[in-house]
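Fold and geometry: a report
Chain residues, written in single-letter form:
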Amino acid sequence: MADLILNDVRKSFGSTDVIRGVDLTIEPGEFVVFVGPSGCGKSTLLRMIAGLEEVTSGTVTIAGTDVTEAEPYDRGIAMVFQSYALYPHMTVAENMGFALRLARVPVPERRRAVEEAARILQIEPLLDRKPAQLSGGQRQRVAIGRAIVRKPRVFLFDEPLSNLDAELRVQTRIEIARLHAALGATMIYVTHDQTEAMTLADRIVVLRGGVVEQVGRPTDLYDDPDNAFVAGFIGSPRMNLLPARATGPQSLRLGTLDLTLPQLESRLTAGQALTLGVRPEHLQDAGQRIEMTVDVVEQLGSTAFVHGALGPDLPLVVEARGSRPAMGDRITIALDPARLYLFDNDGQRLR
Amino acid sequence: MTTTAQPQRRRRRTGSRAERRFALLFLLPAVALVLTFRIVPLLWGFGLSLTDATGLQQGQFIGLGNYAEMAGDPNFRAAMRNTVILLLTLPVWVLLPMILASLIHLGVPGGRLYRSVYFFPAVLSSVIVGSIFNVVLRYDGALNALLGFAGLPAIDWLGSGSTALLSLLTVQLWATFGMSLLIFLAGLSTLSSEMIEAARLDGARLWQVWGYVILPAMRPIIEFVAVVTTIGVLTNMFGLIYVLTAGGPGTATTLPEFLIWLEQGQMGRPGYAAALSMVLFALMAGIAWIQIRIMSRNAGL
Amino acid sequence: MANPRGRERRILRLLSVPMALLALSCVYPVYFAVNNALKTNRNYIMDRFGLVTDLTFDNFVQAWTRSNLDTYFVNSVLVTGGAVLLLLLVSSLAGFALALLRFPARRLVFVVILASLMIPVQVVLVPFYQTIIGLGLLNTRIGLILSYTAFFLPFSVYLMTAFYAGLPRELMEAARIDGARLLQVWWFVMLPMGRPALITLGILNTLYCWNDVLISLLVLQDKRTMMVGIAALRGEYTTNVPLLAAGIVLAAAPIVVLYLVFQRQIVAGIATGAVKG
Ligand SMILES: Nc1ncnc2c1ncn2[C@@H]1O[C@H](COP(=O)(O)OP(=O)(O)O)[C@@H](O)[C@H]1O
Ligand SMILES: [Mg+2]
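Small disclaimer: the values here were computed from a predicted structure and weren't measured.

So, how was this worked out
- Residues numbered from 1 in each chain as written.
- Chains lettered and ligands numbered in written order.
- Predicted model: local features only at pLDDT ≥ 70, side-chain atom pairs only at ≥ 80, totals over all residues.
- Heavy atoms only, no water.
- Salt bridge = Lys/Arg side-chain N within 4 Å of Asp/Glu carboxyl O.
- Buried < 20%, exposed > 50% of the residue type's maximum accessible area, 1.4 Å probe, protein only.
- Helix = DSSP H or I, 4+ residues; strand = E, 2+ residues; numbered from the N terminus.
- Contact = heavy atoms within 4.5 Å.
- Buried area = accessible area lost by both parts, 1.4 Å probe.
- Phe/Tyr/Trp six-rings, centres within 6.5 Å; stacked < 30°, edge-to-face > 60°.
- Lys NZ or Arg CZ within 6 Å of the ring centre and 35° of its normal.
- Pairing = 2+ DSSP bridges.
- Axes fitted to C-alpha atoms, helices over the stretch in contact; angles between N-to-C directions.

Counted according to the given criterion, the structure contains 22 salt bridges over all chains. When the shortest N-O distance is used, the salt bridge between Arg10 of chain A and Asp8 of chain A registers 3.4 Å. Here Arg10 of chain A matches Asp8 of chain A in class, with each residue buried. Arg47 of chain A is the salt-bridge partner of Glu173 of chain C, the closest N and O atoms lying 2.7 Å from each other. Here Arg47 of chain A lies in helix H1 (residues 42-50) and Glu173 of chain C lies in helix H8 (residues 169-177), a pairing that spans two chains. With respect to class, Glu173 of chain C is no different from Arg47 of chain A; both count as buried. Here the salt bridges do not stand alone but share partners, grouping Arg47, Glu53 and Glu71 of chain A, Glu19 of chain B together with Arg102, Arg169, Glu173 and Arg176 of chain C into one network.

Here's what the structure looks like:
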């Protein structure tokens, strides 16, 4: 049985529709990440699952029970907030044990649960401190600990790493992944950072403007995006998206370049406006060769990203592994028709 | 697509059921108290003001009779005249604490001490202040003794009609300027010190800094203090009048709030007292209207 | 602050003199009350302004027992204590609801409570008095407690609402996810979190309730609170200034203690009221 089912869930604030019909099924133990640009409704969707935001229409089902109208505490969920939302007047131990105290769990049992969670997160020495005496990373752990203690069916995370510095962010990300493996609980995780989504998720839900753009495993989204938005959002640096025009059923013109896509199943009509996508890392191997002048180089050591242009209004980023290009150099790039993505005028993928 | 989505919008209420229920529960005591003791009495008072009720007797409806009577009531006229005099002194009530606050802010020696001492009278009850000054301002009281020391003639501060109102107002001013001073200091402390330092670096004199930098930035606070003070002098002087002058001599220190009390209690004319109350309410509402205008303008609306 | 220099500093020093005199006048009541309360009546008549020469504590004893200030004092303590507790309870509940809960007509309720600031007791004197009688609350302490709560409530509600609105909403949400009903959210989270504001309000409302005379005069006509008692003392013994002074010392003592201990909170409370108002 699925852990969570969203059925045509919608949300409006006054007259603005923030979530415009989301259907989603999440299996037990899955790690699902909601990703999308800021303001697309990720937090709202998560808060509707938590019961912190009323659902305008549609239903939310958790573990087979319709909880659309249920209060947050009747949903078997725990949530980690972006700001951690630790109770400032309680010690770490009191913070973590608060839910059990409300549930009238006896003190010894409560202490045992708190200590176990503290051990998992390695925050045992902090148990008697107040949140104000903790660093950002430690507060983050306490917030996660507070969620663990409740043994919830579903964990909800709302951008839990965005208040940490870069190094701590990577470290905590790995720990959350480890935690997921250890607990085996269902986790729903919201982020605007596609790297977090790629590294953590079993499945990614890409949201834009309150609509699900695509759902799938990270590699599926990367290899086979359904539309130009997902193609551009997943992957770093982002996919090059260039305007092109069809010249025949399987051929098109990109700037001064004529390309043929023999594997294309859709048929183009000559003159049709298209968007051509190609990832920076797919521009070095086989395919149609063309020269480009290097404008800017982002040198990362192991690899380098070269910025240039194929023509006016055709900027291109190329990953140049193993070479050390310099500004003003001319480099040869290769456009492999098998690795080109084609999107129609509305951004829908043409396969 | 959008047309099929419309009928699905079933829940449009604000907040969850628990939130609505608890909000009602949590607000009930506050709302019930305010309604029972303030808002319903206000409406009821308006009704009463249209009757000739005396004592606890239900009165007859007499329309605007009470209001008409006011026009010819010498006590009411005196109270109004005193109110006008009081309002004319308003600039002093604002300027004195403002100047003192500015001096403290500019670093007058002993400023911190003055700040805490100045609001001491403000925490004392008007009954206590009134009782003390009732003794101090007697003909043989400490003030006249002090004046005599300086070779000045004694004055019957509370006993003569020409000085009683002045005495009352001065005592009230003395007793409350500390509050306004604190408000000004709170406002001054929010001014950016960089702004002041920049002006100082430009070579401005201390007084120029005050006039060109501090004063203009203080306008919202000056307005706020003016409004708060006006409301205060219209509604918070009962205790002082009660023990210091009892409205006298004659009607020299009778203000509307005291007259209302006299008419309701001593005179046993609740209908007429209610009508007086409505006049005071109109005054209050006028000031509140000004306050709302000021606040919304300052909020940039 | 702008560092005054040279001539400016001299002028400020000069201005400090009248300011010091004003400060002296502000502490004069203490001298007046304490000094005269310790004088015998004879001592007072012989030397009205000088320091006490004929020291006695008789005036306190007399004021306390024969002038009934003891019962008035107890009345004031009970009524002030009850009203302040009720004010804190009611305003923190209302502030929580107004700041953090979502329900219809939220703004309306807030505006109505604030607008009642425009209705001081003088404006509703007659109907208020009749309401008290009608509810059978005349000459009851509970009647005075409810009246104080009603008349001092709007500022408290305003301050608590502003305070709670400044707290992150997520605190309440975290508590609700942890399993707290809203009443528990209030008790376990909002009440402890609201402590600074509640302390400030507790002190300010203590001042207002203890110092009030008009509402008390109307509601507690035979029992009397301390301030009504002092006013009566002044009327009855116009010549016995030492007795009056002793009464003043007794009536003001709790407030002076508050002033000395909680000066910071009082200043902060007035400042918040002003800056937010
Ligand atoms: N309480 C609210 N009232 C009105 N609009 C809101 C409210 N909460 C969120 N929104 C709007 O809904 C949209 C989605 O917000 P959110 O879910 O927080 O986005 P994000 O994907 O960045 O988490 C935003 O445009 C935001 O302005
Ligand atoms: Mg968000």
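The interface is formed by 92 residues belonging to chain B together with 97 residues belonging to chain C. Taken together, the two surfaces of chain B and chain C that pack against each other cover about 8,600 Å², and 76% of this comes from carbon and sulfur. Broken down residue by residue, the surface that chain B buries against chain C is led by Phe26, Phe37 and Arg38 of chain B, which jointly contribute 10%. Summed over the shared surface of chain B and chain C, the result is two salt bridges. Here Arg102 of chain C makes a salt bridge to Glu19 of chain B, at a shortest N to O gap of 3.2 Å.

Bringing the packing of aromatic side chains into the picture now. Remark: the centre distance and the inter-plane angle together describe each pair of aromatic rings, the angle taken between the planes. Within the structure shown, the criterion is met by 29 aromatic pairs over all chains. Plain terms: the ring middles of Phe31 of chain A and Tyr189 of chain A are 5.8 Å apart, the flat faces sit at 40 degrees to each other, and that makes the pair tilted. Of this pair, Phe31 of chain A sits in strand S3 (residues 31-35) while Tyr189 of chain A is found in strand S8 (residues 186-191), placing the two residues 158 residues apart along the sequence. A relative accessible area of 0% means that Phe31 of chain A is categorised as buried. Between Phe57 of chain C and Phe60 of chain C, the ring centres sit 6.5 Å apart and the planes meet at 35 degrees, which makes this aromatic pair tilted. Exposure remark for Phe57 of chain C: the relative accessible area of 54% places this residue in the exposed category. The buried category is assigned to Phe60 of chain C, whose relative accessible area is 17%. Here the aromatic cluster, defined as three or more aromatic residues joined through ring pairs, consists of Phe31, Phe155, Phe157 and Tyr189 of chain A. Positioned above the aromatic ring of Tyr87 of chain A is the side chain of Arg146 of chain A, whose terminal nitrogen or guanidinium carbon lies 4.8 Å from the ring centre. A cation over a ring is seen here: Arg269 of chain B above Tyr272 of chain B, with NZ or CZ 4.4 Å from the ring centre.

All names here are of chain A. Read across the sheet, six strands follow the order S6-S7-S8-S3-S9-S10 without closing on themselves; strand pairing throughout is mixed. Lying at the two open borders of the sheet, with one neighbouring strand each, are strand S6 (77-80) and strand S10 (211-216). Neighbouring strand axes in the sheet, compared pairwise and without regard to direction, differ in orientation by 15 degrees on average. Where S3 and S8 come together, five bridges link them in parallel fashion. If you follow Val32 over to S8, its bridge partner there is Ile188.

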